[in-house]
Amino acid sequence: MSTVRIWDLPTRLFHWLLVACVVGLVITGNVGGNAMVWHFRFGYAVLTLLLFRLLWGFVGGHWSRWRQLFLAPSHVLSYLRGSGSAQPWAGHNPVGSWSVVLMLMWLLLQVSTGLVSDDEIANAGPLTALVSGATVSAATAWHKGLGKLVLLVLVLVHVAAIVWYRWRKQQALVPAMLHGDKTLAQAVTPSRDALPQRALALVLVLACAAAVRWLVGLGAT
């Protein structure tokens, strides 16, 4: 057995911050009223995190990179049949890979529609002035309706999958996302997780936050 660093610190922080922000978005969106101030703040934070994760998928730790996601149908079928080797799937297995992609894409879609949504009461996205009224209406209906519903379903499926893996397959997925390491039957390429990588992640986060601030400010010009 070999203990290997799979999830670098920036990836782990991204994961848990995203969880906290999504929970915050759901709560503040349902409460409404003055809580919508925080709804927008959580939305900006999620967009910042998503932009960071997009970039980190190219320069981050080995198992956080996009090329380590096994999305090909052959990989999915092999995994479901139990005929694939566990070694190349030390990070996300094929089903988990698709879960990651769907979740991140849906969150990006939800945040994007939120930027141009308007509840016609007291809250409007910062970019509503840049698009047509028809676009605002369509985005608002999606953001508050089907988009929100599907996001909640994706979250519930994600949580259910974690419970299922723990109960049926005796695989605890959460600990590795806390401390970063997995104990595997064979040694695999570890993720680099030293000070240079963490410093790079910090620079990327700040750059993404600046980009989001600039984007939000477009609606005020």
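Note that the structure is predicted; figures quoted are calculated from it, not measured.

Caption draft 1: Quick look at the environment of Thr 48. Here Thr 48 shows up in helix H2 (residues 36-59). Separated by 20 residues in sequence, Thr 48 and Thr 28 have C-alpha atoms that sit 19 Å apart. Filtering out sequence-adjacent residues up to four positions away, Thr 48 remains in contact with Val 205, Cys 208, Ala 209 and Val 212. Polar contacts involving the side chain of Thr 48 include one to the main-chain carbonyl oxygen of Tyr 44, which spans 3.0 Å.

Caption draft 2: View of the packing of helix H4 (residues 94-115) against helix H5 (residues 133-144). The geometry of H4 relative to H5 is characterised by a closest axis approach of 8 Å and an angle of 135 degrees between their N-to-C directions. Comparing the axis directions of H4 and H5 gives the class oblique. Considering only the axes of H4 and H5, their crossing is left-handed. The residues of H5 that touch H4, namely those facing Trp 106, Leu 109, Gln 110, Thr 113 and Gly 114, are Ala 139, Trp 142 and His 143.

Caption draft 3: Layout of the nonpolar core. In terms of nonpolar packing, the biggest core is built from 27 residues, with Phe 14, Leu 18, Val 46, Phe 52, Leu 104 and Leu 107 touching the most fellow members. Those elements giving two or more residues to this core turn out to be helix H1 (9-31), H2, H4 and helix H8 (195-217). Leu 104 has contacts with Phe 14, Leu 18, Leu 50, Arg 53 and Trp 66, leaving out every residue within four places of it along the chain.

Reading the values: rules and limits
Within any chain, residue numbers begin from 1 and follow the written order of that chain's sequence. Reporting of local features is limited, given that this is a predicted model, to residues whose pLDDT is at least 70; pairs of side-chain atoms are given and counted only at 80 or more, and all residues count toward the totals for whole chains, interfaces and linings. With hydrogens and water stripped out, all remaining heavy atoms of the structure feed into the side-chain values. Secondary structure follows DSSP: runs of H or I at least 4 residues long count as helices, runs of E at least 2 residues long count as strands, and numbering of each begins at the N terminus. In this analysis, two residues are considered to be in contact whenever any of their non-hydrogen atoms come within 4.5 Å of each other. Identification of polar contacts relies on pairs of N or O atoms within 3.5 Å, with a donor-acceptor requirement for protein atoms, meaning one able to donate a hydrogen and the other able to accept it, and with residues adjacent in sequence counted only if both atoms are side-chain atoms. Axis definition: a line fitted to C-alpha atoms, over the contacting stretch in the case of helices. Angles run 0 to 180 degrees between N-to-C directions. An angle counts as roughly parallel when it lies under 35 degrees, as roughly antiparallel when it exceeds 145, as roughly perpendicular when it falls between 65 and 115, and as oblique in every other case. For a crossing to be left-handed, the near helix must be turned anticlockwise from the far one by less than a right angle; the clockwise case is right-handed. Here, nonpolar core refers to any group of buried Ala, Val, Leu, Ile, Met, Phe, Trp, Tyr and Cys residues whose side-chain atoms link them within 4.5 Å. Partly exposed residues are those whose accessible area sits between 20% and 50% of the maximum for their type, while under 20% is buried and over 50% is exposed, using a 1.4 Å probe and protein chains only.

The values are spatial; any link to function lies outside them.
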